Amino acid sequence: MIELGTQSDIKLINEDGLRIDGRKFNELRPIRIEVGVLNRADGSAYIEWGGNKVLVAVYGPREAFPKHTQNPSRAIINARYNMAAFSVDERKRPGPDRRAVEISKVIGEALECAVFTEQFPRTSIDVYIEVLQADAGTRIAGLTAASVALVDAGIPMKDLVVGCASGKIDGKVVLDLNKEEDNFGQADLPMAIIPRTQEIVLLQMDGNMTRDELEEAVELSKKAAMYISDLQKEALLAKYKASESEKEGERSE
Ligand code: ADP
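The structure displayed is predicted, hence computed values, not measured ones.

Student: So what exactly am I meant to see when it comes to the sheet that holds strand β5 (residues 123–133) here?
Tutor: Strand order in the open sheet formed by 5 strands is β1-β2-β3-β5-β4, with mixed pairing between adjacent strands. Across the chains shown, the open sheet's two edge strands, defined by having one partner strand only, are β1 (31–35) and β4 (76–83). When the angles between neighbouring strand axes are averaged without regard to direction, this sheet yields 15°. Here β4 pairs with β5 via 8 bridges, running parallel. What sits directly across from Ala79, in β5, is Val127. Relative to strand β2 (residues 43–49), helix α2 (residues 138–152) is tilted by about 150°, and along the sheet it contacts β1, β2, β3 (52–63), β4 and β5. Packing of helix α4 (residues 211–252) onto the sheet brings it into contact with β1 and β2, and relative to β1 it is tilted by some 35°.

Student: Quick question: what am I supposed to make of the site of the ligand here?
Tutor: Close to the ligand lie Met83, Val88, Lys92, Arg99, Ala134, Asp135, Ala136, Gly137, Thr138, Arg139, Lys179 and Asp182. With respect to the ligand, the backbone of Ala136 contributes an N or O atom lying 2.8 Å from an oxygen atom. One of the side-chain N or O atoms of Thr138 is found 2.5 Å from an oxygen atom in the ligand. Alone, the ligand offers 540 Å² of accessible surface; in the complex the protein occludes 75% of this. Going through the elements one at a time, α2 and α3 (179–184) are the ones with two or more residues in the shell around the ligand. Of the residues assigned to the shell around the ligand, the class counts are 4 nonpolar, 2 polar and 6 charged.

Student: Any chance you could explain the side chain of Arg23 here in plain terms?
Tutor: Of note, Arg23 is situated in the segment before β1. With a relative accessible area of 5%, Arg23 lands in the buried category. Among the polar contacts made by the side chain of Arg23, one reaches the main-chain carbonyl oxygen of Glu27 at a distance of 2.9 Å. Not counting residues within four places of it along the chain, the set of residues in contact with Arg23 comprises Leu18, Leu28, Arg29, Leu175, Asp176, Leu177, Asn178 and Glu181.

Student: Looking at this structure, how should I read the pattern of salt bridges?
Tutor: In a structure, side chains of opposite charge can pair up when their charged atoms sit close to one another. This structure, assessed with the given rule, holds 19 salt bridges. Between Asp176 and Arg23 there is a salt bridge; the shortest N-O distance is 3.6 Å. Note that Asp176 is positioned in the loop between β7 (172–175) and α3 and Arg23 in the segment before β1, a separation of 153 residues in sequence. The partner of Lys168 in a salt bridge is Glu213, and the shortest N-O contact between them spans 3.0 Å.

Student: Teacher, can you tell me more about the pairing of strand β8 (residues 187–194) here?
Tutor: In regular strands, side chains alternate between the two faces of the sheet. Counting buried residues in β8 gives 8 out of 8 residues, a clear majority hidden from the surface. In β8, alternate side chains face the same way, and those of Ala187, Leu189, Met191 and Ile193 on one face and Asp188, Pro190, Ala192 and Ile194 on the other are all buried. Examined bridge by bridge, strand β6 (residues 162–169) and β8 share 7 bridges and lie antiparallel to one another. Each residue of the ladder has a partner; that of Gly167, found in β8, is Asp188.

Rules used in this analysis
Residue indices begin from 1 for each chain and proceed along its sequence in written order. Reporting in this predicted model follows two pLDDT cut-offs: at least 70 for local features of residues, and 80 or more for side-chain atom pairs to be given and counted; totals over whole chains, interfaces and linings ignore these cut-offs and use all residues. Excluding hydrogens and water, the side-chain values take into account all heavy atoms of the structure. Each pair of strands is called paired provided DSSP finds at least two bridges between the two strands. Under the scheme used here, helices are H or I runs from DSSP no shorter than 4 residues and strands are E runs no shorter than 2 residues, and both carry numbers assigned from the N terminus. With axes taken as lines fitted to C-alpha atoms, and helix axes fitted only over the stretch in contact, angles between N-to-C directions fall between 0 and 180 degrees. Throughout, a contact is declared for two residues whenever any of their heavy atoms are within 4.5 Å. Working definition: residue near molecule or strand if any one of its non-hydrogen atoms lies within 4 Å of it. Throughout this description, a polar contact denotes any pair of N or O atoms lying within 3.5 Å of each other; where both atoms belong to protein, one of them has to be capable of donating a hydrogen while the other can accept it, and for residues adjacent in sequence the pair is counted only when both atoms sit in side chains. Note on areas: these come from Shrake-Rupley sampling with a 1.4 Å probe, and a residue is covered only by the protein chains present in the view. Residue classes follow a fixed rule: Ala, Val, Leu, Ile, Met, Phe, Trp, Tyr, Cys and Pro count as nonpolar, while Asp, Glu, Lys and Arg count as charged, and any other residue, Gly among them, counts as polar. Relative accessibility under 20% of the residue-type maximum defines a buried residue, over 50% an exposed one, and the middle range a partly exposed one, all with a 1.4 Å probe and only protein chains included. Just to be clear on terms, a salt bridge is a Lys or Arg side-chain nitrogen sitting within 4 Å of an Asp or Glu carboxyl oxygen.

Encoded structure:
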């Protein structure tokens, strides 16, 4: 009979101080961001973050409907996080569940801290986050891609919002947990910041950490967020450079 491992008997860090996927404590999984991947949306982005694959589409600002949802002094941000039925090993039951409602809410609130919503009264900005493949950290991958998609839609923002997570495995604080680490580790701490102001706009915790560990984890994520912010900007520049050279090509024809 195969026995399932428990938190205490699964080793997540080896003798060389490396994690099960070979990463160091402060190492992120590979991240790739692409901008403007959907023609029908006002803005869009696709992110691969380790084993996560997430697509984001943004519509708006457009007149909020139904009318009673309109805010006369600002835009409302409707974020909808959804995990595809095929995004996890066992088929996930389609449709919203409590987890998706919670994640949609925290992502929407984090984005709201960066968008100049007061410039668009009575409108809604709709952000659809579709998780195609999940491997822990989907909310922060989705949020990171969503802020890029908002820029792609031309929505004015203070700065990009960057998501990053850290956590605790085998008693050590590490960056960016993968699925096994999330399942068998002691804590997961997803967070998001606005790099320019260093404002923390999302902070959640699942598990237990001491106060010192929490501070260490926040610092680790903050540092990584600066690197991820550069990746977001590079992805945006790549799209606009590509469309500039397309226009150049058309002009010279
Ligand atoms: P996050 O993806 O933001 O880390 P959670 O901590 O809630 O959010 O989930 C961790 C991981 O657990 C997900 O990325 C996914 O791989 C897996 N997971 C979440 N919900 C389900 C589900 N209903 N069925 C199977 N796996 C799931």
